[in-house]
Amino acid sequence: IANRKLLLLPGDGIGPEVMAEARRVIDWLARSGRARFELAEDLVGGASIEATGKPITEPVIERALEADAVLFGAVGGPQWDSQPFDNRPEIAILELRKRLGLFANLRPAPVFDALIDASPLKPEIVRGLDIMIVRESTGGIYFGEPRGIETLPDGTKRGINTEVYTTPEIERVARVAFELARKRQGRLTSVEKANVMESGLLWRQTVTALGAAEYPDVQLSHMYADNCAMQLAKNPRQFDVIVTGNLFGDLLSDLASMLTGSLGMLPSATLGAPDAAGRRHALYEPIHGSAPDIAGKGLANPLAQILSLAMLLRYSFDMQEDAAAIEAAVSNVLASGMRTADIEQKGTARIGTRTMGDAVLRELDKLGG
Ligand code: NAD
Ligand code: IPM
Ligand code: MN
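Residues numbered from 1 in each chain as written. Chains lettered and ligands numbered in written order. Predicted model: local features only at pLDDT ≥ 70, side-chain atom pairs only at ≥ 80, totals over all residues.

The name given to the chain in an unreviewed UniProt entry is 3-isopropylmalate dehydrogenase, with the source organism recorded as Acidiphilium multivorum. Taken directly from UniProt, the Function (unreviewed entry) text for the chain runs: "Catalyzes the oxidation of 3-carboxy-2-hydroxy-4-methylpentanoate (3-isopropylmalate) to 3-carboxy-4-methyl-2-oxopentanoate. The product decarboxylates to 4-methyl-2 oxopentanoate." Of the chain, the UniProt comment under Subcellular location (unreviewed entry) reads exactly: "Cytoplasm". (UniProt positions renumbered as here; feature names shortened; annotations may be inferred.)

Shown next as structure tokens:
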């Protein structure tokens, strides 16, 4: 098998702290003879601004384009709040999504049994929950034109962003969601605001037509985004796969994270379209950010980053067994009562980032190193 090229982009804040733990799992994969990766590491976000003046540089984008997969940490922090808007650390992730064509952001929200009581929702509401949010990630209001802040002749200022979706953009992300639904419980909920936005109306019409033409076996329903937020809190188990635009997907996935206990638990995969040889660009990252409030203290939960690595093995290298081993190790660690502060409950042991990484490695060794 050809050498698998992995690019690690730890970023800022807790990014490097949680990446260090994922890196130890990568080392374990090599040590146990499961998989060897050709590893490279680069700067993004504020770290890149400090070194180069820019949140991401062209050579880093080139390396990401050449890699088989990218593992991303998190970017941003109050130190860089005074940067010009188009030079903020967050540009790094937006630029990577855009340049690599990563239009489908898969954000699974499974509930680990051991964490049922860590959710602020009642156990009977979240038990057995397993939602997959497919968030469009290279379009919508994040990228639509016109945008900017302009000053009118009378001195009034106007901030502008534009929500735009074309049929091909909607179809390709909806296809990813329909395919996933087919392999899961066969249900897809498409979310927009077709009642107030034309882009939402086009979204609904396009998904409906695609479903009728190509996925009659998938049970498709539609929901307005505001109602979806409410339904996620009220009865989240009604959902199997959700497909939605860039901004609604961002909001709804942070909401969904609390069903599972913590933002520090949820991984994501952002995928591009396969080329003729079946290769596609892919980036894996936790859905959380750089958590400036706990950065540098060794308190961050590294499990979202470690689970992002499991997704990477699953989606980019078809290493199902190794991905399952990592997920099982995480599940066992949680079952044993180990908790970082974000998922702490009565009677569990509060530990830091490194100790959580140690515990995962111990479980991996038990599962067969
Ligand atoms: P955040 O996700 O960084 O933090 C929100 C809250 O969740 C904080 O209280 C934080 O301590 C907690 N949290 C997040 N991850 C955690 C973990 N692994 N373990 C324990 N607790 C965790 O969101 P924010 O505070 O709104 O944003 C901070 C910075 O991160 C901003 O600059 C923002 O733009 C950036 N951000 C980056 C990404 C990314 O790189 N993909 C994603 C979201 C936010
Ligand atoms: C995320 C983040 C990013 C987004 C920011 C940092 C650009 O919130 O990955 O969820 O809004 O997409
Ligand atoms: Mn977000």
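Now, onward.
Visitor: Describe the site of ligand 1, listing the residues and the values that go with them.
Guide: Neighbouring ligand 1 are 23 residues; G76, G264, H288, G289 and N301 lie closest to it. In terms of residue class, the shell around ligand 1 is made up of 11 nonpolar, eight polar and four charged. (Near = placed C-beta within 6 Å. Nonpolar A, V, L, I, M, F, W, Y, C, P; charged D, E, K, R; others polar.)

Visitor: Run through the domain arrangement of the chain, naming residues and quoting values.
Guide: As assigned here, the chain comprises domain 1 (1-101 + 272-369) and domain 2 (104-266). On a C-alpha basis, the centres of domain 1 and domain 2 stand 23 Å from each other. With 19 residues of domain 1 at the contact, the number on the domain 2 side is 20 residues. Broken down by secondary-structure element, the contributors of at least two residues to the side of domain 1 that touches domain 2 are α4 (91-99), α10 (303-317) and α11 (320-335). Its residues assigned to classes, the side of domain 1 that touches domain 2 shows 10 nonpolar, six polar and three charged. (Domains from an automatic or database assignment. Contact = placed C-beta atoms within 7 Å. Helix = DSSP H or I, 4+ residues; strand = E, 2+ residues; numbered from the N terminus.)

Visitor: Now, about the site of ligand 2: what can you tell me, with residues and values included?
Guide: The local shell around ligand 2 consists of G76, E90, I93, L94, D250, I287 and G289. For the shell around ligand 2, the per-class residue count stands at three nonpolar, two polar and two charged.

Visitor: Outline the pairing of strand β4 (residues 104-110), listing residues and values.
Guide: Of all seven residues in β4, six are buried, a share of seventy percent or more. As defined by bridge partners, β4 adjoins strand β5 (residues 130-136) across seven bridges and the pair is classed as antiparallel. Bridge pairing links A109 to I131 in β5. As judged from the three bridges shared by β4 and strand β11 (residues 267-271), these two strands associate in the antiparallel manner. Counted as the bridge partner of N105 is T270 from β11. (Buried ≥ 20, exposed ≤ 12 C-beta atoms within 10 Å, placed from the backbone. Pairing = 2+ DSSP bridges.)

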